[in-house]
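What follows is each chain in one-letter form.
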Amino acid sequence: MSTITIALPSKGRMKEDASAIFERAGLPIVAVGNERSYRGKIDGHDDIEIAFLSASEIAREIGAGTVDFGVTGEDLIREGLADADRKVEIAARLGFGHADVVVAVPEIWLDVDTMADLGDVAADFRSRHGRRLQIATKYWRLTQQHFSGSHGIQLYRIVESLGATEGAPAAGQADIIVDITSTGSTLKANHLKILSDGVILKSQACLVRARNAEHEGDARIAAIVEAVRKAV
Amino acid sequence: MPLINMPEFSGTLLDEFAARGTARIDTPVIQPAAPFLDMAGEDLRRRIFLTESETGESLCLRPEFTIPVCLRHIENATGTPRRYCYLGEVFRQRREGDNEFYQAGIEDLGETATAHADARAVNDAMQILHNLIPGRRLNVTLGDQAVFEAVVRALGLPGGWQKRLIQSFGNNAHLRHLLMTLASPQAETGLSPELAALLSQDEAALIAHIDRTMEETGYSTNASRSPREIAARLKEKQSLAETRLDGSALLLLSEFLSLEMPLSEAPAALAGFADAAGLAMGAALVTFEARAEALADLGVDLSKVTYRAAFGRPLDYYTGLVFEVSRDNAVLAGGGRFDRLMTLLGANEDIPAVGFSLWLDRIEQARAR
């Protein structure tokens, strides 16, 4: 019988919280070799293998079907994979790692509360400022879906930002941002506000299953999903 | 199997272009990506093949010819009017069809007799297709951005709403959504008491307040939107929120958007619509009629061309004519007038421009059938 591989976050709170869920689900994870090893197994289940990976790699591997399950944020799944719902199934939402992907603009843009307001500003931007409205983000796909797909806004440019995105408007690197926030305090500290219809995704950590054909009729797959769901 | 070689009718096509007095222009396959993303929007990003140079410049494989041809024209500074033709490979990620295929077309830059230039573009596309696919019935559909803009302006909506509607012309789902919003009273946008107090002051005080806040929050040095711009739009927004399109105006707009008829009947029908609605559409109708006449002068049977009022392209550089030639639901040629593009791309003066491109892969398939 083939080995089932589960990819888990390799460090931090996400790793601890994921391990705790599996523990409660009756699937206690033990490291192979020393504590810092990136391989693990589940006590009493020799046919299950744990791979500790970075959260964004988990999204990629699960999209490619090279692991069977993964625990990662829904934001990384939806951002990292084209046609996410066709490639993977969100088997369980795990109740930790809550964060929203949001559109935030400078607080002082008193006239901008909604995406429609932003659309108006974007439409005029080039004639007023000689360039398109710039959005700092690492969420290219989610930004495009929200702006172009849901709100018919085409005229903007994405500026890639891999960290400290909240600082981009004040630093002049971009006009607004699309970023992840859990409490909103970093946004507030940087004098940014979330648009009323600017929540693109309410994300949390999920148990995600690759839609692999060989999962069909494999009772072990169903059992893992069932056990984790009960533990949430 | 992607089309690797030039289509076998390429020679015929180049002869057609030469017979029309156009000059062939070539452009590099690898292009800076910024102009395409700037003009067409970020949505294009996932449909083009992007890469980065060693120095970090964003590059792409040529996704179309109009922008590179226009950039070449500006760079060469050869003066206008000029008519260019092109034939070459373009690269796009498509859901259906191959990712690399051939396009050819004509860009007519700087011709100030615009009705004539429009008619010539439509007629050239029709004739060339007719010669390449003889004896087959082609469907020609024509729309006009300027006529829609004239209707919207004549309805007397506030400037902000006019802009929203004009922006979304050609994106029918979004346009319908806007019309629904206009028709139904919205919940108050809930001005905070603080903001309401600010708005009741005069504009200078509002601007001063915004300026002060920017200073205090350390935002002002790099702010793109000035206090004046924010204050002005806040006032505009207040008037937008209070606007309802009255029932009859909404009905008129919907009625206009549903117009579809042979081009031979369109000038009279549009004039009749404007009269009945009491709308002053002046110049746009004159241009429309002049274009139709110019087409008839070139020998086009206007009863075989369809005018569809809602036909447009949601890109802000299209200004007037748009058209499409199709067969069995496959678009074989598409074109239009883009008077705003040249200055957006950096030309120092306004240059009227019209052109069309031919989808050679689809033409090849149509010929094979």
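In this text the structure is predicted, and so the values were computed from the model without any measurement.

Looking only at helices and strands, chain B has 15 helices and 12 strands in total. Judged by the C-alpha coordinates and their principal axes, chain B covers about 70 × 60 × 40 Å. With 369 residues in all, chain B has 37% of them scored as buried. Considering only contacts within chain B whose residues lie at least 6 apart along the sequence, 70% involve residues at least 24 apart.

Attention now moves to the packing of helix 5 (residues 145-154) of chain B against helix 13 (residues 282-297) of chain B. All names here are of chain B. At their nearest, the axes of helix 5 and helix 13 sit 8 Å apart, and the two run at 155° to each other. In terms of orientation, helix 5 and helix 13 fall into the roughly antiparallel class. Our pair here, helix 5 against helix 13, has a crossing hand that is left-handed. Taken together, the residues of helix 13 that come into contact with helix 5 (itself represented by Ala146, Val147 and Ala150) are Ala284, Thr287 and Phe288. Class assignment for the residues of the contact of helix 5 with helix 13 results in five nonpolar, one polar and no charged.

At the interface, 31 residues of chain B touch 25 residues of chain A. At the level of elements, helix 2 (34-40), helix 6 (159-167), helix 9 (203-216) and helix 10 (227-241) of chain B are the ones that each hand at least two residues to the side of chain B that touches chain A. Among the elements that make up the side of chain B that touches chain A, the one with the highest residue count is helix 10 of chain B (five residues). In terms of residue class, the side of chain B that touches chain A is built from eight nonpolar, 12 polar and 11 charged.

Soluble globular proteins: nonpolar side chains tend toward being buried together. Phe36(B), Ala125(B), Leu129(B), Val151(B) and Leu358(B) are the most contacted members of the largest nonpolar core, which totals 83 residues. Look past the residues within four positions of Ala125(B) in its chain and what remains in contact with it is Val325(B), Ala333(B), Gly335(B) and Phe356(B). In this structure, Val105(A), Val178(A), Ile210(B) and Tyr219(B) belong to the second largest nonpolar core, which totals 43 residues.

Residues and elements named next belong to chain B. With respect to the helices and strands, the residue Glu57 is situated in the loop between strand 3 (50-52) and strand 4 (58-61). Overall, the presence of 11 C-beta atoms within 10 Å leaves Glu57 in the exposed class. Residues Glu57 and Ala34 lie 23 residues apart in sequence; the distance between their C-alpha atoms is 9.2 Å. Not counting residues up to four positions away in its chain, the partners in contact with Glu57 are Pro32 and Glu52.

According to the domain assignment, chain B consists of domain 1 (10-137 + 323-368) and domain 2 (193-241). The centre of domain 1 of chain B, based on its C-alpha atoms, is set 43 Å off from the matching centre of domain 2 of chain B.

Residues and elements named next belong to chain B. As summarised here, the arrangement of the nine strands in space is 1-5-6-12-11-10-7-9-8, forming an open sheet in which the pairing is mixed. Pairing within the sheet leaves two strands with one partner each, and these edge strands are strand 1 (23-24) and strand 8 (260-262). Both strand 5 (residues 82-91) and strand 6 (residues 100-109) contribute to a ladder of 10 bridges, which runs antiparallel. Within the sheet, the bridge partner assigned to Leu87 lies in strand 6 and is Ala104.

This part covers unusual backbone geometry. Residues apart from glycine generally show negative phi values, whereas peptide bonds are mostly found in trans. In this model, Thr80(B) is joined to Pro81(B) through a cis peptide bond whose omega is -5°. With a phi close to 55°, Asp83(A) is a non-glycine residue in the positive phi region. By the secondary structure assignment, Asp83(A) is in the loop between helix 3 (74-80) and helix 4 (84-87). With 8 C-beta atoms counted inside 10 Å, the residue Asp83(A) sits in the exposed group. Even without glycine at this site, His191(A) takes up a positive phi of about 55°. In this fold, His191(A) is placed in the loop between helix 8 (185-189) and strand 11 (192-203). Classification of His191(A) as partly exposed rests on a count of 19 C-beta atoms within 10 Å.

On to the domain arrangement of chain A. Residues and elements named next belong to chain A. For chain A, the domain assignment lists domain 1 (4-98 + 204-231) and domain 2 (99-202). Taking only C-alpha atoms, the centre of domain 1 and the centre of domain 2 are 32 Å apart. Facing the seven residues of domain 1 at the interface are eight residues of domain 2. The dominant element in the side of domain 1 that touches domain 2, judged by the number of residues it contributes, is helix 3, at four residues.

Below, the discussion takes up the pairing of strand 4 (residues 45-53) of chain A. All names here are of chain A. Relative to strand 4, strand 1 (residues 4-9) runs parallel, the two sharing six bridges. The residue of strand 4 that forms the bridge with Pro9 is Leu53. Bridge count between strand 3 (residues 39-42) and strand 4: four bridges; the pairing is antiparallel. Note on strand 4: the bridge partner recorded for Lys41 is Glu49. Taking the residues that link successive antiparallel strands as the turn, the strand 3-strand 4 hairpin has two residues, and the phi of Gly44 there is positive, at about 85°.

This paragraph deals with the sheet that holds strand 8 (residues 133-137) of chain A. The pairing of strands in a sheet comes from backbone hydrogen bonds and takes either a parallel or an antiparallel form. Residue and element names in this part refer to chain A. Sheet architecture is open: five strands sit in the order 9-8-10-7-11, paired in mixed fashion. Every other strand in the sheet has two partners, leaving strand 9 (156-160) and strand 11 as the edge strands with one partner each. Put simply, the sheet's adjacent strands are angled 25° from each other on average, direction ignored. Packing against the sheet, helix 5 (residues 115-129) makes contact with strand 7 (99-106), strand 8, strand 9 and strand 11, and its axis sits at approximately 110° to strand 11.

The next thing to look at is the packing of helix 12 (residues 266-277) of chain B against helix 13 of chain B. All names here are of chain B. Contact geometry for helix 12 and helix 13: axes closest at 9 Å, N-to-C directions at 165°. Taken together, the axes of helix 12 and helix 13 lie roughly antiparallel to each other. Between helix 12 and helix 13 the crossing geometry is left-handed. Residues Ala266, Pro267, Leu270, Ala271 and Ala274 of helix 12 pack against Leu285, Phe288, Glu289 and Ala292 of helix 13. Of the residues in the contact of helix 12 with helix 13, the class split is eight nonpolar, no polar and one charged.

Conventions adopted
- Residues numbered from 1 in each chain as written.
- Chains lettered and ligands numbered in written order.
- Predicted model: local features only at pLDDT ≥ 70, side-chain atom pairs only at ≥ 80, totals over all residues.
- Helix = DSSP H or I, 4+ residues; strand = E, 2+ residues; numbered from the N terminus.
- Buried ≥ 20, exposed ≤ 12 C-beta atoms within 10 Å, placed from the backbone.
- Contact = placed C-beta atoms within 7 Å.
- Axes fitted to C-alpha atoms, helices over the stretch in contact; angles between N-to-C directions.
- Parallel < 35°, antiparallel > 145°, perpendicular 65-115°, else oblique.
- Left-handed = near helix turned anticlockwise from the far one by under 90°.
- Nonpolar A, V, L, I, M, F, W, Y, C, P; charged D, E, K, R; others polar.
- Core = buried A, V, L, I, M, F, W, Y, C linked by C-beta atoms within 7 Å.
- Domains from an automatic or database assignment.
- Pairing = 2+ DSSP bridges.

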